[in-house]
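Analysis of the macromolecular model
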Amino acid sequence: MSAPLAGIRVADFSELLPGPFMTQALVELGAEVIKIERPPQGDPVRAGSPGLFGTVNRGKRSRMLDLKSETGRTAALELAAGADIVVEGYRPGVMARLGLDYAAVQAVNPRVIYLSLTGYGQDGPLRLVPGHDLNYLASAGVTSLCGELGGPPQHGIGLPVADLGGAMYALSAILAALYQRERSGEGQYLDVSMTDCIAHWLNTRKGVCQFNGMNSLEDQRQVALSRPAYGVFACRDGAITIAALETHFWMSLVEVLGLRDFAGADYEKLARRVQHCAPINAAISSRTAALGRDEAVALLLARDIPASPVLTIAEANASAHFQARGLAQDGPVGPLTPFPVRLRGMSPAPDTLPELTDAKGGKA
């Protein structure tokens, strides 16, 4: 059986992380992706971060095209004319100035699905404002909820959440558009804003706060950050996570760690525990500090309490779970996790990197 997207061709004008991460997923689903790169050195990530380039561009083909020249634009339009999907991530207006926007491509390829992946979208007052992941999170309202209770907003996430979240919305939109095209015969234009995407995720906080009339930032941060028996707790030789939110988990935790001050029936109500979040978590910390990391996890899991060790990347790669699930596959930049859902016909993740080639396919 062929791969899910076998026969689908993608002309990828995107650079850096969000667009290439999304088109990397298309490669792993079986699509042919032709990466259009600008001279003289191609995608800036090639030289600036070879490890990242090797992570999000495996299995693609490459064409070095000067889109400011008539020859380069003509070659790019020819590639777009033969593509099922066109992806670009420039600021609004750039592709139009180059004669490579949706209108130009649709004129020669009516069935094309054309996706623009940008920070703030194609319209609105922020459309031309420069930005990166951190800015999109702040603009969507996410950063206001981050940090410590009683402290200022902080950015402490170890992943570019808006970039990657936007990439996944772009992927799902493209797949939906492909399915829709099968029924209608028509392509379409997709305007994906990373800020919009992360704002959609934030609905999980907005709904709770709005329903309960929590309009102040202090109240909203309480909802987001006040988690009794839910967090990272230090041990003698590392750290663990505990997530004993539900009452039955909480009651087991009280017994296992001997949290006598919070053993009353009153504390079986989550609302009561939330009110005493700080002393509860302090008590848990005092207990785990005397335990080894693996000892603590084993103790908690023996009572079916949600717990896990805080693993480094190397530890996670070597873990029994990663090995059993095939989540650390060797590649050109070291072990990487393939597209995490296996569909019929999918091949192992590609491990070749695209060489820079000219418009005719020769070495650039």
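Above this note sits the structure.
Attention here is on the structure that accompanies the text. (Residues numbered from 1 in each chain as written. Predicted model: local features only at pLDDT ≥ 70, side-chain atom pairs only at ≥ 80, totals over all residues. Heavy atoms only, no water.)

**What about the sheet that holds strand 7 (residues 230-235)?**
- Strand order in the open sheet formed by three strands is 7-8-9, with antiparallel pairing between adjacent strands. The open sheet has two edge strands with one neighbour each: strand 7 and strand 9 (307-309). Across the sheet, the mean angle separating the axes of adjacent strands is 25 degrees when strand polarity is ignored.
- Where strand 7 lies against strand 8 (residues 238-243), six bridges are found, and the strand directions are antiparallel. Along strand 8, the bridge assignment pairs Y230 with A243.
- Its contacts with the sheet put helix 14 (residues 277-288) on strand 7 and strand 8, and the angle it makes with strand 7 is roughly 30 degrees. (Pairing = 2+ DSSP bridges. Helix = DSSP H or I, 4+ residues; strand = E, 2+ residues; numbered from the N terminus. Axes fitted to C-alpha atoms, helices over the stretch in contact; angles between N-to-C directions. Contact = heavy atoms within 4.5 Å.)

**Some points on the sheet that holds strand 1 (residues 9-12)**
- The sheet built from six strands is open, its strands ordered 3-2-1-4-5-6 with parallel pairing. Two strands close off the open sheet at either side, each with one partner strand: strand 3 (61-64) and strand 6 (188-193). This sheet shows a mean twist of 20 degrees between the axes of neighbouring strands, independent of strand direction.
- Note: strand 4 (residues 85-88) against strand 5 (residues 113-118), four bridges, orientation parallel. Within the sheet, the bridge partner assigned to V87 lies in strand 5 and is L115.
- Helix-sheet contacts for helix 9 (residues 194-201) involve strand 5 and strand 6, and the interaxial angle to strand 6 is about 70 degrees.

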